[in-house]
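# Structural characterization, general
Here is how the chains run, residue by residue.
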Amino acid sequence: MTKVLMKGNEALGEAAIRAGCVHFFGYPITPQTEVPEYLVKRLPEVGGVFLQAESEVASINMIYGAAGAGVKCLTSSSSPGISLMAEGLSYIAACELPCVVINIMRAGPGLGGILPAQSDYSQATRGHGHGDYELIVLAPASVQEAVDLMLLAFELAERYRNPVMVCADGMIGQMMEPVEFPTEGRGAPLQENDWALTGAEGRERRIVNSLYLTPEINFAQNKKLKAKYEEVARNEQRWEIYGGDGEPNDLLVVAFGTMARICKSAIDDLQHEGLKVSLFRPITLNPFPYAACKEAMDALSPNARVLNVEMSMGQLVYDVKLAAEGSRPIEFYGTAGGIVPSPDEVAARVRELVRGKAEVG
Amino acid sequence: MAATEVVMAGFGGQGMLMAGKVLAEAAMAQGLEVSWLPSYGPEMRGGTANVTVAISKLPIASPLVTHPHALLVMNLPSLEKFGPMVKPGGVIVVNRTLVKKDPERADCTVVHVDARELATDAGNARAANFVMLGAYVGASGIVPPEAVEGAIEAEFTGGKAKFVPVNIAAFRAGLAEGRQVEASS
């Protein structure tokens, strides 16, 4: 396979087709509109369905229906649109249906702005709809990884019968990078199963429903879901460690997505100054790799600091604090509104912290 | 080798994002790592638009840069915004047709080109973006000129294939200007 230069949003669309998904329901919103734009051209070529819904609320409920009917399906939006999908996501998770949702995050809250942000971290990993349910959340840091994680997203959605969110920011959606698609043509559809509504002729009828008025039955369903999320947490944590050369480091940066790449440049620059800094990048935001993150902190030199950097006012930082288990303070540096910290700004913050420590110690 | 970063900026519609894409394609064809990061604010034709192209032998860390190695500017607002940010020793290509001001960067190689005039001579004033790209490639040697011409051919296909000759002619006109500056510096 040769590499092609592609926009993140378009590559996400192509990756869905390669994963065997030919059903898309969505509504345009900057900075993700190239996803539907790409699919509206491509899906008819592969005999698929592209439907522009009247709203994000409609899109997610079409996904509910398509997933219930047993087809691989995708919707895509950006922050305010994802908020509108909250109710539907709760229903889909409750009914244990597989689907993939792309969120190309933009600045918030409210209508916010169209520039990149990471301020939907808490929404993706904790929030959105009501009730005890979780999404599996994958966060790419490059266009190639966006493709790889889309393929994984469809796999995980089917294996665990759960919605999976691919959570990137506007920068990954808009930038072009060389990308290679690991599968030729169109992947397999959903496997035969015992839950999809495919017509009950000649067999027992199946029901997709999330209404359990009997408390005990509802509780049992909640316990079943919880057991599933625990299984996902055991099996599916993914992360990357960058820099540091395995030695005890002066500082650990924790960041995800685009922000992690910017931090890598800062780390490279700091290395030339003799500062040993490493990066911990969660790839699965949910399940969060707590143990691996703690291990990276424990490998630091005794007085080393941990700096969490994100394009938000502080959301990932709560998971980093949970990972630390109170073992050390966690410093935070973040921006919002579409302001993206530069490698220089991150490096300056790191220098300040390391120097500050030297003065105290 | 660290990445070489190029900021290409102008009014929306002047084709700097397209020229950046062609540069990225040309570098990719040389087996290099590339990233193409556009500004995507509420831009419109006549507003400002810019793109950052990073080229490297190694995987590119940050696609966003504060101090690029090169700057190609079609208009004055872009020069004023990005001119002071270029790394010392960098290359600045200025469209003399629209920018009457000098970048005042004695520490950089500055190439002034009459992008519109050269593009008009090449057959179409709208190919000014490729004059600019040619001047940069000529002054920097960042990629072989043949790679850029190949990328232009690959980019303009079907109904747009008719623009290939004029775009390549514009690119070559810029290339000659850039090479003169490189030779004299």
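Placed above this text is the structure.
The notes below deal with the structure included here. These figures come from a predicted structure and were not determined experimentally.

Residues and elements named next belong to chain A. For the structure on display, the rule yields 5 aromatic pairs over all chains. With a centroid separation of 5.5 Å and 50 degrees between ring planes, the pair formed by Tyr121 and Phe256 is classed as tilted. Within this pair, whereas Tyr121 is found in helix α6 (residues 121–125), its partner Phe256 is found in the loop between β10 (251–254) and α10 (257–272), the two being separated by 135 residues in sequence. Both residues of the pair, Tyr121 and Phe256, count as buried. Positioned above the aromatic ring of Phe219, the side-chain terminus of Lys223 is 4.3 Å from the ring centre.

Below, the discussion takes up the interface of chain B and chain A. In this assembly, 20 residues from chain B lie in contact with 26 residues from chain A. Taken over both partners, the interface formed by chain B and chain A buries close to 1800 Å², and the fraction arising from carbon and sulfur atoms is 70%. Three residues stand out in chain B for area buried against chain A, namely Trp36(B), Tyr40(B) and Leu64(B), and they jointly supply 35% of the buried area on that side. Taken together, the links from chain B to chain A amount to 0 salt bridges. For the interface between chain B and chain A, the tally reads 7 residue pairs in polar contact (both at pLDDT 80 or more). When contributions to the side of chain B that touches chain A are tallied by element, the ones reaching two or more residues are α1 (16–29) and β2 (33–38) of chain B. The greatest single-element share of the side of chain B that touches chain A, amounting to 6 residues, is contributed by β2(B).

Attention now moves to the packing of α1(B) against helix α5 (residues 145–155) of chain B. Think of two packed helices as two axes; the pair is described by the angle between the axes and how far apart they sit. All names here are of chain B. Viewed as axis vectors pointing N to C, α1 and α5 meet at an angle of 120 degrees, and their least axial separation amounts to 8 Å. With respect to α5, the axis of α1 lies oblique. The crossing of α1 and α5 is right-handed. Together, Met18, Lys21, Val22, Glu25 and Ala26 of α1 and Ala147, Val148, Ala151, Ile152 and Glu155 of α5 make up the contact between the two elements. Residues of the contact of α1 with α5, tallied by class, amount to 7 nonpolar, no polar and 3 charged.

Another point: the pattern of salt bridges. Residues and elements named next belong to chain A. Under the criterion given, the structure shown has 23 salt bridges over all chains. We note a salt bridge from Glu240 to Lys264, for which the minimum N-O separation is 2.9 Å. Taken together, the residues Glu240 in strand β9 (residues 239–242) and Lys264 in helix α10 connect sequence positions 24 residues apart. You can call Lys264 buried: its relative accessible area is 15%. Residues Asp298 and Lys294 are paired through a salt bridge, measuring 3.1 Å at the closest nitrogen-oxygen approach. Residue Asp298 and its partner Lys294 are both found in helix α11 (residues 290–298); the two are separated by 4 residues, about one turn of the helix. Each member of the salt-bridge network shares a partner with another, and the members are Glu14, Arg18, Arg42 and Glu45.

Let's shift gears to the sheet that holds strand β6 (residues 136–138) of chain A. All names here are of chain A. Reading across from one edge, β3-β2-β4-β5-β7-β6-β12 is the order of the 7 strands in this open sheet, with mixed pairing throughout. With one partner strand each, in any of the chains shown, β3 (49–52) and β12 (284–286) form the two edges of the open sheet. Pairwise comparison of adjacent strand axes, ignoring direction, gives a mean angle of 20 degrees for this sheet. One ladder, built from 2 bridges, connects β6 with β12; its direction is antiparallel. Within the sheet, the bridge partner assigned to Leu138 lies in β12 and is Thr284.

Procedures and definitions
The written sequence of each chain sets the order in which its residues are numbered from 1. In the order they appear in the text, chains get letters beginning with A and ligands get numbers beginning with 1. pLDDT decides what is reported in this predicted model: residues at 70 or higher carry local features, side-chain atom pairs at 80 or more are listed and counted, and totals for whole chains, interfaces and linings draw on all residues regardless. Side-chain metrics in this entry use all non-hydrogen atoms of the structure; hydrogen atoms and water are not considered. Here a pair means two rings of Phe, Tyr or Trp (six-membered ring of Trp) with centres within 6.5 Å. Their orientation is stacked below 30 degrees between planes, edge-to-face above 60, and tilted elsewhere. Helix and strand assignments come from DSSP, with helices taken as H or I runs of at least 4 residues and strands as E runs of at least 2, each series counted from the N terminus. Residue burial is assigned from relative accessible area. The probe radius is 1.4 Å, only protein chains are included, and a residue is buried under 20% of its type maximum, exposed over 50%, and partly exposed in between. Geometrically, a charge over a ring is one whose NZ (Lys) or CZ (Arg) sits within 6 Å of the ring centre while staying within 35 degrees of the ring normal. For this analysis, residues touch if any pair of their heavy atoms sits within 4.5 Å. Using a 1.4 Å probe, buried area is obtained as the accessible area two parts lose upon being combined, added over both of them. Here a salt bridge means any side-chain nitrogen of Lys or Arg lying within 4 Å of a carboxyl oxygen belonging to Asp or Glu. Throughout this description, a polar contact denotes any pair of N or O atoms lying within 3.5 Å of each other; where both atoms belong to protein, one of them has to be capable of donating a hydrogen while the other can accept it, and for residues adjacent in sequence the pair is counted only when both atoms sit in side chains. Between N-to-C directions, angles cover 0 to 180 degrees, with each direction set by a line fitted to C-alpha atoms, over the stretch in contact for helices. Here roughly perpendicular refers to angles of 65 to 115 degrees, roughly parallel to angles under 35, roughly antiparallel to angles over 145, and oblique to all remaining angles. It is the rotation of the near helix from the far one that decides the hand of a crossing: anticlockwise by less than a right angle makes it left-handed, clockwise makes it right-handed. Residues are sorted three ways: Asp, Glu, Lys and Arg are charged, Ala, Val, Leu, Ile, Met, Phe, Trp, Tyr, Cys and Pro are nonpolar, and all the rest, Gly among them, are polar. Here, any two strands with at least 2 DSSP bridges between them count as paired.

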